[in-house]
Amino acid sequence: MDRTLATDLARLPDLLEATRRTAAEALAALDARPVVPPTAPPRGPEPLPPYGSGTEAALTAFAERWAPHLSASAGPRYLGFVTGGATPAALAGDWLTAVHDQNSNSALDGAGQDLERETVAWLRELFGLSDAHAGTFVSGATLSNTTGLAVAREWLGERLGVSPSEDGAAALGPVRVLSGAPHSSIAKALSVLGLGRRSLVPVPTLPGREAVDPAALDRALADTPGPAVVVANAGTVNTVDFDDLRAIAALRERHTFWLHTDAAFGAFAALSPDHAHLADGLDASDSVCVDLHKWLNVPYDSAVQFTRRQDLQARVFQNAAAYLGPLGERPDLVHLTPENSHRLRALAAWFTLRAYGREGHREIVERDIACAEALGAALEQDPAFRLLAPVRLNVVCFTLAEDPTPDRLAALREAAQEEVFVTPTVYAGTPALRAAFSNWRTTQGDVRRAAQALRTAAKGTL
């Protein structure tokens, strides 16, 4: 064994304790450190050292070279994208994921698979899905959407008497995928799956909304008879708007289509009694995407993909190899996603669900919603800003009241980013900013700090 490696093995308890101290110090500083540091990261990579200096020296080098330049994305005022943090239990679970280092894909070593299945059952209950939905863990919403649409692609083939997984996507002929305000990952998935970005057919949304117009969708489905795919949205990126899932599902009385619902973070509305109606009808979907490193507050990367047709899912992703064993009636996880290697992502989710239960996660969701509403109210009262949409759940979509150009918004965002981080967007043709609340640490105090930072930036830069 390499001498340095052997030394580290002998000192492993001490090294883990040093790592624990480093982690604890980083987490303790989250509230005070800049959300996005003002200094630039190092330029250019250092050369690979020919001889290692051990874990302790690597910890020191990381602390000096990289840690000061990382954003406080685990903290309470990182409101860009839709980024959760990691609850204490989720962090413990993620550490133990690395410790046990499971490739939980095969029944030959089945405990990891069983833990994942138990966690999926808890998540299914959390989101109000029936037992008809089977679920698998994947890396994020993009892969969840891709997996769901891959199953939809095979379903189209089933309707047409072909198998895209065997014959290729070309066997389907032209495909229509209809949606009102799809996330960008939908077009990416269609490209990966060989259906093509041009197969995505935009459907008009309701006036002043990002929710699809069910009557327009009805007409679009009638325009070209034959099986299609409908991508519904349970929480759009800009304004967290929700399609009427029950109205869309009812269209199956007249049209044949696969209903895939992108509920990346909107599914968590089901936890709040005051907002659960937004996700009403989610169970009617044929496949569902939910991103867990958003509002479940587990570390990157983690998402879940549900479907009613796991048989078709296995047909797409089955991996024929003698060492993996047969497909079987209950497919191993290796047969259900693009990944043959599959870390035990479920453990962090299992830990946080086991530690805090439904009520603990309901409190996080409702507190974040209240924080979003408070920031929306504060910005609405400030003459420098205007809201572009009502705060429906956990995202505030806003812009400058006067001359909201991309450059001016970028200047505002950069001036405030040591205190609060928000991300740019365009809504209804207007350049804008988004503040998304999904972190378990965020409080009303953070809202006040964020609002003040945005006010100060508006006064100082515009």
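Residues numbered from 1 in each chain as written. Predicted model: local features only at pLDDT ≥ 70, side-chain atom pairs only at ≥ 80, totals over all residues. Heavy atoms only, no water.

Looking at the sheet that holds strand E4 (residues 228–233)
Then comes step 1: If you walk across this open sheet you meet the seven strands as E1-E7-E6-E5-E4-E2-E3, and the pairing is mixed. Whereas interior strands pair on both sides, the edge strands pair on one side only; in this sheet they are strand E1 (134–138) and strand E3 (200–202). Put simply, the sheet's adjacent strands are angled 20 degrees from each other on average, direction ignored.
Then comes step 2: Where strand E5 (residues 257–262) lies against strand E6 (residues 287–291), three bridges are found, and the strand directions are parallel. For Thr 261, the partnering residue across the bridge sits in E6 and is Val 288.
Then comes step 3: Strands in contact with helix H12 (residues 310–317) are E1 and strand E7 (303–307); relative to E1, the strand with the most contacts, it is inclined by about 40 degrees. (Pairing = 2+ DSSP bridges. Helix = DSSP H or I, 4+ residues; strand = E, 2+ residues; numbered from the N terminus. Axes fitted to C-alpha atoms, helices over the stretch in contact; angles between N-to-C directions. Contact = heavy atoms within 4.5 Å.)

Concerning the pattern of salt bridges
Then comes step 1: Under the criterion given, the structure shown has 31 salt bridges.
Then comes step 2: For Arg 77, the salt bridge goes to Glu 419, with nearest N and O atoms at 3.9 Å. You can see Arg 77 sitting in the loop between helix H3 (55–65) and helix H4 (88–100) and its partner Glu 419 sitting in the loop between helix H14 (406–416) and strand E10 (423–427), a full 342 residues away along the chain.
Then comes step 3: The class of Arg 77 is buried, set by a relative accessible area of 3%.
Then comes step 4: Accessibility expressed as a relative area gives 24% for Glu 419, which makes it partly exposed.
Then comes step 5: Through salt bridges that share partners, Asp 31, Arg 77, Glu 419, Asp 446 and Arg 449 make up one connected network. (Salt bridge = Lys/Arg side-chain N within 4 Å of Asp/Glu carboxyl O. Buried < 20%, exposed > 50% of the residue type's maximum accessible area, 1.4 Å probe, protein only.)

What about the pairing of strand E11 (residues 430–436)?
Then comes step 1: The element E11 is extensively covered by neighbouring structure, given that seven of its seven residues are classed as buried.
Then comes step 2: On E11, burial covers both faces: Thr 430, Ala 432, Arg 434 and Ala 436 on one face and Pro 431, Leu 433 and Ala 435 on the other are all buried.
Then comes step 3: One ladder, built from five bridges, connects E10 with E11; its direction is antiparallel. Pairing of Tyr 427 across the sheet is with Thr 430, part of E11.
Then comes step 4: What sits between E10 and E11 in their antiparallel hairpin is a turn of two residues, with Ala 428 showing a positive phi close to 50 degrees.

Here's the deal with the layout of surface pockets
Then comes step 1: The computed volume of the largest pocket comes to approximately 1200 Å³.
Then comes step 2: Around the largest pocket sit 39 residues that line it, and Ala 23, Ala 26, Leu 27, Phe 62 and Leu 70 are the ones nearest its centre.
Then comes step 3: Of all the elements in the fold, those that place two or more residues in the lining of the largest pocket are helix H2 (12–28), H3 and H4.
Then comes step 4: For the lining of the largest pocket, the element with the highest residue contribution is H2, accounting for eight residues. (1 Å grid on protein atoms, 1.4 Å probe; cavity = no way out; pocket = protein on both sides within 12 Å on 5 of 7 lines; lining within 4 Å. Points joined across faces, edges and corners; volume = space filled by probe spheres on them.)

Describing the packing of H2 against H3
Then comes step 1: Taken N-terminus to C-terminus, the directions of H2 and H3 make an angle of 15 degrees; their axes are 10 Å apart at the nearest point. It follows that H2 is roughly parallel to H3 by the angle criterion. Considering the relative orientation of H2 and H3, their crossing is right-handed. Across the interface between the two elements, Leu 15, Ala 18, Thr 19 and Thr 22 from H2 touch Thr 55, Glu 56 and Leu 59 from H3.
Then comes step 2: Of the residues in the contact of H2 with H3, the class split is three nonpolar, three polar and one charged. (Parallel < 35°, antiparallel > 145°, perpendicular 65-115°, else oblique. Left-handed = near helix turned anticlockwise from the far one by under 90°. Nonpolar A, V, L, I, M, F, W, Y, C, P; charged D, E, K, R; others polar.)

Digging into the nonpolar core
Then comes step 1: With 56 residues, the main nonpolar core has Leu 123, Phe 127 and Leu 292 as its most contacted residues.
Then comes step 2: With seven residues, the top contributor of residues to this core is helix H13 (residues 346–380).
Then comes step 3: Once residues within four sequence positions are removed from consideration, Leu 123 is found in contact with Phe 137, Leu 292, Leu 296, Val 304, Phe 306 and Leu 353.
Then comes step 4: Within the second largest apolar cluster, 26 residues are counted, among which are Ala 378, Val 391, Leu 400 and Ala 451. (Core = buried A, V, L, I, M, F, W, Y, C linked by side-chain atoms within 4.5 Å.)

Quick look at the sheet that holds strand E8 (residues 385–387)
Through backbone hydrogen bonds, the strands of a sheet pair up, either in parallel or in antiparallel fashion.
Then comes step 1: Spatially, E8-E9-E11-E10 is the arrangement adopted by the four strands of the open sheet, whose pairing is antiparallel. Each edge of the open sheet is held by one strand with a lone partner, namely E8 and E10. Strand-to-strand, the axes of this sheet are offset by a mean angle of 45 degrees, without reference to chain direction.
Then comes step 2: Of the pairings in the sheet, the one linking strand E9 (residues 395–400) to E11 comprises four bridges and is antiparallel in character.

Here we look at the environment of Phe 127
Then comes step 1: Position of Phe 127 among the secondary structure elements: in the loop between helix H5 (111–126) and E1.
Then comes step 2: Residues Phe 127 and Val 304, 177 residues apart in the sequence, show an inter-C-alpha distance of 12 Å.

Re the side chain of Thr 97
Then comes step 1: As for its position among the elements, Thr 97 is in helix H4.
Then comes step 2: Its relative accessible area of 5% is what places Thr 97 among the buried residues.

Describing unusual backbone geometry
Then comes step 1: Residue Asp 301 is bonded to the preceding Tyr 300 through a cis peptide linkage, with omega at 0 degrees.
Then comes step 2: Mapped onto the fold, Asp 301 is located in the loop between helix H11 (292–295) and E7.
Then comes step 3: Look at Asn 297: it is not a glycine, yet its phi comes out positive at around 60 degrees.
Then comes step 4: By the element assignment, Asn 297 lies in the loop between H11 and E7.
Then comes step 5: Even without being glycine, Asp 403 reaches a positive phi, approximately 50 degrees.
Then comes step 6: With respect to the helices and strands, Asp 403 occurs in the loop between E9 and H14.

Topic: empty space enclosed by the protein
Then comes step 1: With the rule as written, the count across this model stands at one cavity of 30 Å³ or more.
Then comes step 2: The space that makes up the largest cavity amounts to roughly 50 Å³.
Then comes step 3: Together, Asp 94, Val 298, Pro 299, Tyr 300, Asp 301, Ser 302, Arg 343, Arg 345 and Ala 348 line the largest cavity.
Then comes step 4: Split into classes, the residues belonging to the lining of the largest cavity amount to four nonpolar, one polar and four charged.

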